[in-house]
Amino acid sequence: MNGASRYTGNRKLPHDWYDGVIPDNVVLDSTNHIDTSYSFQRFRSRMERALKLGRNAAIYSNSMFDLGPKACVEVGAFSMLNGVAIICDEAIHIGDYGLISWNVVLMDNYRAPTSILKRRAYIDAVLNNESSVMDLQTLPRPVTIGANVWIGHDSVVLPGVSIGTGSIIGARSVVSDSIPDFGIAVGNPARVIRYLEAPRTGDPATL
Amino acid sequence: MSSRDRPMAGWTDGDLPGNVSLGRGSCISGPDAFKRFFSKCDVALSLGDRSRADGVKFAIGPQGHVAIGHDCYLNDCILLAEQNITIGNYVMIGWNTTVSDSDFHPIAPAERISDAIALSPRAEGRARPKALCQSVFIGDNVFIGPACTLLKGVTIGDGAYVEAGSVIAHSVPANAHVRGNPAVIVSVDLTK
C-alpha cells in the first residue's frame, strides 16, 4: 500500500514477485493498486475494456481474474478486493466503495455443464486448451454488485445474482438469489435477516 | 518437514516476537504464523504447556491478545484478534477455521463508505471508523471442526462439539453439539 509499489505505466509492476505483466485491456490509472500480475494468469478476455478499475480501487494478492474471451468486469471507485476469485464470461459489475473479503468467489457462469457427457467434453477441452469448445458449454448470467456492498470472507456469489446498494453479506454465505438494497443476508443459502437504515442524504453512492 | 523433525518446544522459523510466551513443550510452526502480528501488548500471545499451533495464522491487532491453554491442538486455522481471544485446555481446532473478535468494518452504510476510503491505496494514515469488537471465549475440551467460522462475541461452552463448516454467530452452551450455516444445536447434552 505504499507509493513506490504502484503501477508505473509499463504494464509491469515494480513490486511484483511474479514475472508477468498487466494485460493491455485492463483500464487503470496511477491511483490504483494491484499486488501481483499473477492475478491475471487466467485472463483470456479479448474485449477492449475487459477490466476497468475505478479510481483508488485496489486488488490485493490471491485475487484471480479468470475471464473468458467475452468477459467485461468493472470495479468501482474505492473498492477493495482482498483475495477475490472472479470467474466471468460475460459481465460482473462491482459498485463504488465495495469491501470484498478474502476467498470470496464471484461467478457469472458455472462453466462445467450438468450433463455427464457434456462435462466430459468440457474437461477434455480444458485439458487440451481448446478455448473455442470450453467457452460454449453453459450460458453466463451477469452478476451486479451495487455500491457500498460488503461481502464477508469465504462467501460465494452465484450466476445471475444482483446485490443491492449498501447490503452486507455475512461470512461464508452462499448468495443464490438477489439481495435488495440495504439488506443483511447470511447463511447458505443467504437469507435477509434484517435491513439497515438507509442514509438520509439521498444516493449513498454519492456521499 | 514432518512434525517429527521439529524440536518439540519453541518456534522454528525466524525470530519469535518478544511478547509471545510459550509453555513447556509447546510449539508454533508455519511460515505465516506472525505475518500479521502487530500486537503491542506485554503478552500478546500465550500458549500453555504441551500445546501445538501448526500453520496457525496469528493476525493480532495492536491491542489484541490471544491466550491458549494447556494441551491444545490447533491446525492451520486463522485467529484474528483486535481485543481478546481466550482458548481453554484440551481444545482442538481444525483446518481453515476462522476465529475473529471484530467486525472488521462498521455496519452503518455511510460509515462503511468512509472506511473504504480510508483503506484505499492513497489514504495512508487516514483514521478508520471504529468497528465493533467483542471478545471470544472457547471453553475446555471443545472440538471445532475444519472450515468453521466463529464470529465476534461468542462463547463456546466446555465440551461443545462444533461440526465442520459451521458458522457460529451466537454462543454455544456447554456440551452442545452444533452444525450448519447459520449453526443450530443438534443435541444439548453430549455427556448423556
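Since the model is a prediction, treat every value here as computed from it, not as a measurement. (Residues numbered from 1 in each chain as written. Chains lettered and ligands numbered in written order. Predicted model: local features only at pLDDT ≥ 70, side-chain atom pairs only at ≥ 80, totals over all residues. Heavy atoms only, no water.)

1. Some words on the interface of chain A and chain B
No. 1: The interface is formed by 35 residues belonging to chain A together with 27 residues belonging to chain B.
No. 2: For the pair chain A and chain B, the summed buried area comes to about 2,500 Å², and 65% of that belongs to carbon and sulfur atoms.
No. 3: Here chain A is connected to chain B by 0 salt bridges.
No. 4: Counting across the interface, chain A meets chain B through 10 residue pairs in polar contact (both at pLDDT 80 or more).
No. 5: Along the lines of polarity and charge, the residues of the side of chain A that touches chain B split into 19 nonpolar, 13 polar and 3 charged. (Contact = heavy atoms within 4.5 Å. Buried area = accessible area lost by both parts, 1.4 Å probe. Salt bridge = Lys/Arg side-chain N within 4 Å of Asp/Glu carboxyl O. Polar contact = N/O pair within 3.5 Å; in protein donor to acceptor, adjacent residues only side chain to side chain. Nonpolar A, V, L, I, M, F, W, Y, C, P; charged D, E, K, R; others polar.)

2. Digging into the packing of aromatic side chains
Residues and elements named next belong to chain A.
No. 1: Evaluated as defined, the whole model comprises 10 aromatic pairs over all chains.
No. 2: Here the aromatic rings of W17 and Y18 are separated by 5.6 Å at their centres, their planes lie at 65 degrees, and the arrangement is edge-to-face.
No. 3: A residue is classified by how much of its surface remains accessible, and Y18, at 29% relative accessible area, is partly exposed.
No. 4: Ring geometry for F40 and F65: centres 5.4 Å apart, planes at 10 degrees, overall stacked. Remark: F65 occurs in strand β5 (residues 64–67) and F40 occurs in the loop between β2 (33–34) and β3 (51–53); sequence separation between them is 25 residues.
No. 5: The class for F65 is buried, based on a relative accessible area of 0%. (Phe/Tyr/Trp six-rings, centres within 6.5 Å; stacked < 30°, edge-to-face > 60°. Buried < 20%, exposed > 50% of the residue type's maximum accessible area, 1.4 Å probe, protein only. Helix = DSSP H or I, 4+ residues; strand = E, 2+ residues; numbered from the N terminus.)

3. A look at the side chain of D108 of chain A
Residues and elements named next belong to chain A.
No. 1: Relative to the helices and strands, D108 is located in the loop between β11 (105–107) and α1 (116–127).
No. 2: An unpaired buried charge is present at D108: no salt bridge exists, and R111, the closest side chain of opposite charge, is 6.1 Å distant.
No. 3: From its side chain, D108 meets the backbone nitrogen of D89 in a polar contact 2.8 Å long. (Lys, Arg positive; Asp, Glu negative; His and termini not counted.)

4. Regarding helix α1 (residues 109–119) of chain B
In an α-helix, one turn spans 3.6 residues, which is why side chains three or four residues apart end up on the same side.
No. 1: In terms of residue burial, α1 of chain B counts as a mostly covered element, since 8 of its 11 residues are buried.
No. 2: Within the sequence span of α1 of chain B, burial applies to P109, R112, I113, D115, A116, I117, A118 and L119 of chain B.
No. 3: In this structure, the buried residues of α1 of chain B make contact with β4 (58–60), β7 (80–82), β10 (99–100), β13 (150–151) and β16 (168–169) of chain A.

5. Considerations on the environment of R46 of chain A
Residue and element names in this part refer to chain A.
No. 1: Position of R46 among the secondary structure elements: in the loop between β2 and β3.
No. 2: Exposure remark for R46: the relative accessible area of 67% places this residue in the exposed category.
No. 3: Linking R46 and A71, residues 25 residues apart in sequence, is a C-alpha distance of 7.8 Å.
No. 4: Setting aside residues no more than four positions away along its own chain, R46 makes contact with N25 and P69.

6. Section: the sheet that holds strand β2 (residues 20–22) of chain B
Two modes of strand pairing occur in sheets, parallel and antiparallel, and in both the strands are linked by backbone hydrogen bonds.
Residues and elements named next belong to chain B.
No. 1: Across the sheet, 6 strands lie side by side as β2-β4-β7-β10-β13-β16; this open sheet has parallel pairing. Strands at the two margins of the open sheet, each flanked by one partner only, are β2 and β16 (155–156).
No. 2: As paired elements, strand β10 (residues 84–87) and strand β13 (residues 136–138) share 3 bridges and run parallel to each other. Its bridge partner being in β13, I87 is matched across the sheet by I138. (Pairing = 2+ DSSP bridges.)

7. Let's talk about the side chain of N32 of chain A
All names here are of chain A.
No. 1: Following the sequence through the fold, N32 ends up in the loop between β1 (26–27) and β2.
No. 2: The exposure class assigned to N32 is buried, which follows from its relative accessible area of 1%.
No. 3: Looking at N32, its side chain comes within polar contact range of the main-chain nitrogen of D29, at 3.0 Å.
No. 4: From its side chain, N32 meets the backbone oxygen of A57 in a polar contact 3.1 Å long.

8. Some remarks on the pattern of salt bridges
No. 1: Using the criterion set out here, one finds 12 salt bridges over all chains in the structure.
No. 2: A salt bridge links D71 of chain B to R50 of chain B; the shortest N-O distance between them is 2.9 Å. Of the two residues, D71 of chain B is situated in the loop between β7 (65–68) and β8 (73–75) and R50 of chain B in the loop between β4 (45–47) and β5 (52–54); the sequence distance between them amounts to 21 residues.
No. 3: Three or more residues are tied together by salt bridges with common partners; here these are R42, D66, D89 and R111 of chain A.

9. Focus on the sheet that holds strand β9 (residues 91–94) of chain A
Residues and elements named next belong to chain A.
No. 1: The strand order β1-β3-β6-β9-β12-β15 describes an open sheet built from 6 strands, whose pairing is parallel. The open sheet has two edge strands, β1 and β15 (162–163), and neither has a second partner.
No. 2: Relative to strand β6 (residues 72–75), β3 runs parallel, the two sharing 3 bridges. Bridge pairing in β6 places L53 opposite V75.

10. Overview of the pairing of strand β8 (residues 85–88) of chain A
All names here are of chain A.
No. 1: In terms of strand pairing, β5 meets β8 through 4 bridges, oriented parallel. Counted as the bridge partner of D66 is I87 from β8.
No. 2: Bridge count for β8 against β11 is 3 bridges, and the pairing is parallel. Its bridge partner lying in β11, A85 is registered against V105.

11. Considerations on the confidence of the model for chain A
No. 1: Put simply, chain A has an average pLDDT of 88, and 91% of its residues get 70 or more.
No. 2: For residues 1–8 of chain A, every residue scores under 50 in pLDDT, and the model assigns this stretch 23 contacts once sequence neighbours within four places are set aside. (pLDDT = per-residue confidence, 0-100.)

12. As for the state of the cysteines
No. 1: Evaluated as defined, the whole model comprises 0 disulfides over all chains.
No. 2: C88 of chain A takes part in no disulfide bond, and the closest cysteine sulfur to it belongs to C72 of chain A, at a distance of 7.5 Å. (Disulfide = S-S within 2.5 Å.)

13. Points about unusual backbone geometry
No. 1: Note the cis peptide between N188 of chain A and P189 of chain A, where omega equals -5 degrees.
No. 2: Positive phi, close to 60 degrees, is recorded for F78 of chain A, a residue that is not glycine.
No. 3: For F78 of chain A, a relative accessible area of 10% corresponds to the buried category.
No. 4: Unusually for a residue other than glycine, Y90 of chain B sits at a positive phi of about 55 degrees.
No. 5: Overall, the relative accessible area of 52% leaves Y90 of chain B in the exposed class.

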